[in-house]
Amino acid sequence: MRQRAAGDVLSNPTAIVEVLSRSTEAFDRGETWEGYQRLPCLTDYLLVSPWHVRIEHYRREGDGSWRYRVLERGDTIALANGAEISVDAIYDGAFELEAD
């Protein structure tokens, strides 16, 4: 049964992308990820590094287990729904910005 969305919360996500930060990285990899694994609708969980070109991709397999891959320059992310995007496209120009 699908739930209705409320406010700024999206119900029944199939993919979640987290951009890591130093202050939340441990929580995102731990408690947050444990909670996300219990969402039956979720098929893809991506952890995006803001420090270097690296994306960690957890993808739910047909048997319910999770496959883990590390993607870097030249790689392509393939989501369970068939969508694909290159890692290079995601990071294009990202490290050319001035840091605060």
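Everything that follows concerns the structure shown earlier in this document.
Note that the structure is a prediction, hence the values are computed from the model and not measured.

What counts, and where the lines are drawn
Residues numbered from 1 in each chain as written. Predicted model: local features only at pLDDT ≥ 70, side-chain atom pairs only at ≥ 80, totals over all residues. Heavy atoms only, no water. Helix = DSSP H or I, 4+ residues; strand = E, 2+ residues; numbered from the N terminus. Contact = heavy atoms within 4.5 Å. Pairing = 2+ DSSP bridges. Axes fitted to C-alpha atoms, helices over the stretch in contact; angles between N-to-C directions. Phe/Tyr/Trp six-rings, centres within 6.5 Å; stacked < 30°, edge-to-face > 60°. Buried < 20%, exposed > 50% of the residue type's maximum accessible area, 1.4 Å probe, protein only. Right-handed = clockwise from strand over helix to strand, strands pointing away. Salt bridge = Lys/Arg side-chain N within 4 Å of Asp/Glu carboxyl O.

**Q** It is not clear to me how the environment of Cys41 should be interpreted in this structure. Could you clarify?
**A** Summarising the element assignment, Cys41 is placed in the loop between helix H1 (25-37) and strand E2 (44-48). In the structure, Cys41 is positioned 30 residues away from Ser11 in sequence and 9.3 Å away in space, judged by C-alpha atoms. When near neighbours in sequence (up to four residues on either side) are disregarded, Cys41 contacts Asn12, Pro13 and Thr14.

**Q** Explain the sheet that holds strand E1 (residues 15-19) here, please?
**A** Pairing between the strands of a sheet comes from backbone hydrogen bonds, and it takes one of two forms, parallel or antiparallel. What the four strands build is an open sheet, ordered E1-E2-E3-E4; its pairing is mixed. Taken across any chain shown, the strands that pair with only one partner, and hence form the sheet edges, are E1 and strand E4 (66-71). Strand-to-strand twist of the sheet, defined as the mean angle between neighbouring strand axes without regard to direction, takes the value 15 degrees. Examined bridge by bridge, E1 and E2 share five bridges and lie parallel to one another. When the sheet's bridge partners are listed, Glu18 is paired in E2 with Leu47. The sheet contacts of H1 involve E1, E2, strand E3 (55-60) and E4, and relative to E2 the element is tilted by about 165 degrees.

**Q** Help me understand the side chain of Thr32 in this model?
**A** For Thr32, the position within the fold is in helix H1. Once you skip the residues sitting within four places of it in the chain, Thr32 turns out to touch Glu18, Phe27 and Tyr45.

**Q** Even after reading the chapter, I still don't get the packing of aromatic side chains, so can you show me in this structure?
**A** For any pair of aromatic rings, the description rests on two quantities: the centre-to-centre distance and the angle between the ring planes. As enumerated under the stated definition, the model contains seven aromatic pairs in all. On the numbers, 4.5 Å between centres and 35 degrees between planes, the contact of Trp33 with Tyr58 is tilted. Of this pair, Trp33 sits in helix H1 while Tyr58 is found in strand E3, placing the two residues 25 residues apart along the sequence. One exposure class covers both Trp33 and Tyr58, and it is buried.

**Q** Looking at this structure, I do not really get the pairing of E1. What am I missing?
**A** Sheet faces and side chains relate simply in a regular strand, where the side chains alternate between the two faces. With burial as the criterion, only one face of E1 is covered, namely that bearing Ile16 and Glu18; the residues Ala15, Val17 and Val19 on the opposite face remain uncovered. Handedness of the β-α-β unit built from E1, H1 and E2 comes out right-handed.

**Q** What is the right way to look at the pattern of salt bridges in this model?
**A** Side chains carrying opposite charge are able to pair once their charged atoms draw close together. All chains considered together, the criterion is met by four salt bridges. Close ionic contact of Arg29 with Glu56 constitutes a salt bridge, the shortest N to O distance being 2.6 Å. Of this pair, Arg29 sits in helix H1 while Glu56 sits in strand E3, and the two are 27 residues apart along the sequence. The class for Arg29 is partly exposed, based on a relative accessible area of 33%. Arg54 is the partner of Glu56 in a salt bridge, and the nearest nitrogen-oxygen pair spans 3.9 Å. Since its relative accessible area comes to 5%, Glu56 is described here as buried. It is possible to trace a salt-bridge network through shared partners that takes in Glu25, Arg29, Arg54 and Glu56.

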